[in-house]
Amino acid sequence: MKIIRQTDTSLEIRYLPTDEWLWAGELMIPGIYGTIEFNTWGRAFWFLIFLLGSYIFFFWSKIRHCLADQTTQAFYIRDRNLVRTETRQKHFFSEISNLEIREDRNTENWTYYAYLNLKSGEKVDLGTDTHNKRNLEKCLRPLAKLIDCPYNFVSK
C-alpha cells in the first residue's frame, strides 16, 4: 500500500497485490519449463499449471485505488485487474466508523490487514501487507486524519 497523491483536501492510495503476483510467477515459470521439457501428458499437466498462474496474475489479483476527497465528503474505491476495471464503491465520510489494521500470525510470519469499517457493520478490505505494519500505518494515519475518523490497531 502506498500513498500516490496527497493534497490538503484529498488523499489517494494504491494497493498492489505483489504477493499474488509472486505466487503466479512461481506457477508460471515451472509451467513453461514443464511444457517444454516433458512428454505429452506431462506437457498437458504443466501447461495447466501455467494457465493457473496466468489466471492468478491477470484476472484474480486486484489492484486497489482508494481516493478520499473532502470536497465531496466521499471515499472512492476502484478495483481492477491487469485486464479491466471491475468494481467501484463510494462511501460517504458520514458512513465510516473507523479505519483499522488487524494482525494475524501464522506459524511463519505476521500478516497485516487494513480495513475500512462502516457504521452498518460492513468491513471493506483495503489491502494486505506481509511483515510490514509501518507501511500500512503510514497510509492509514493520514487517511484517518483526512476523513476525521478513529484509527485502530487490533492484535490477535
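Residues numbered from 1 in each chain as written. Predicted model: local features only at pLDDT ≥ 70, side-chain atom pairs only at ≥ 80, totals over all residues. Heavy atoms only, no water.

S.K.: For this particular structure, what's the right way to read the sheet that holds strand β2 (residues 10-15)?
M.R.: An order of β1-β2-β3-β4-β5 is seen for the 5 strands of this open sheet, with the pairing classed as antiparallel. If you trace the sheet from one side to the other, it starts and ends with β1 (2-6) and β5 (85-92), each paired once. Neighbour-to-neighbour, the strand axes of the sheet open up by a mean angle of 15°, direction not taken into account. Packed onto the sheet, helix α3 (residues 133-147) meets β1, β2, β3 (63-69) and β4 (74-80) and runs at close to 150° relative to β2. (Pairing = 2+ DSSP bridges. Helix = DSSP H or I, 4+ residues; strand = E, 2+ residues; numbered from the N terminus. Axes fitted to C-alpha atoms, helices over the stretch in contact; angles between N-to-C directions. Contact = heavy atoms within 4.5 Å.)

S.K.: In this structure, what is going on with the packing of aromatic side chains? I would like to understand it.
M.R.: The geometry of an aromatic ring pair comes down to the distance between the two centres and the angle between the two planes. In total, this model carries 6 aromatic pairs according to the counting rule given. Ring plane angle 25° and centroid distance 5.8 Å describe the contact between Tyr 55 and Phe 59, whose orientation is recorded as stacked. One end of the pair is Tyr 55 and the other is Phe 59, both in helix α2 (residues 40-60) and 4 residues apart, which spans about a single turn. Judged by its relative accessible area of 46%, Tyr 55 is partly exposed. With a relative accessible area of 34%, Phe 59 lands in the partly exposed category. Relative to Phe 58, the ring of Phe 57 lies with its centre 5.0 Å away and its plane at 85°, an arrangement referred to as edge-to-face. Put simply, the rings of Trp 21, Phe 57 and Phe 58 pair up and form one aromatic cluster. Across the ring face of Tyr 115, the terminal group of Lys 123 is positioned such that the distance to the ring centre comes to 5.2 Å. (Phe/Tyr/Trp six-rings, centres within 6.5 Å; stacked < 30°, edge-to-face > 60°. Buried < 20%, exposed > 50% of the residue type's maximum accessible area, 1.4 Å probe, protein only. Lys NZ or Arg CZ within 6 Å of the ring centre and 35° of its normal.)

S.K.: It is not clear to me how the pattern of salt bridges should be interpreted in this structure. Could you clarify?
M.R.: It is possible for side chains bearing opposite charge to pair when their charged atoms get close. Enumeration according to the criterion identifies 5 salt bridges in this entry. Between Arg 64 and Asp 79 there is a salt bridge, with its nearest N and O atoms 2.5 Å apart. Of the two residues, Arg 64 sits in strand β3 while Asp 79 sits in strand β4, which places them 15 residues apart along the sequence. When sorted by exposure, Arg 64 lands in the same class as Asp 79, which is buried. Salt-bridge contacts for Arg 102 lead to Glu 100; the nearest nitrogen and oxygen are separated by 2.7 Å. Among the residues examined, Arg 102 registers a relative accessible area of 31% and is labelled partly exposed. On the basis of relative accessibility, which here comes to 4%, the residue Glu 100 falls in the buried class. (Salt bridge = Lys/Arg side-chain N within 4 Å of Asp/Glu carboxyl O.)

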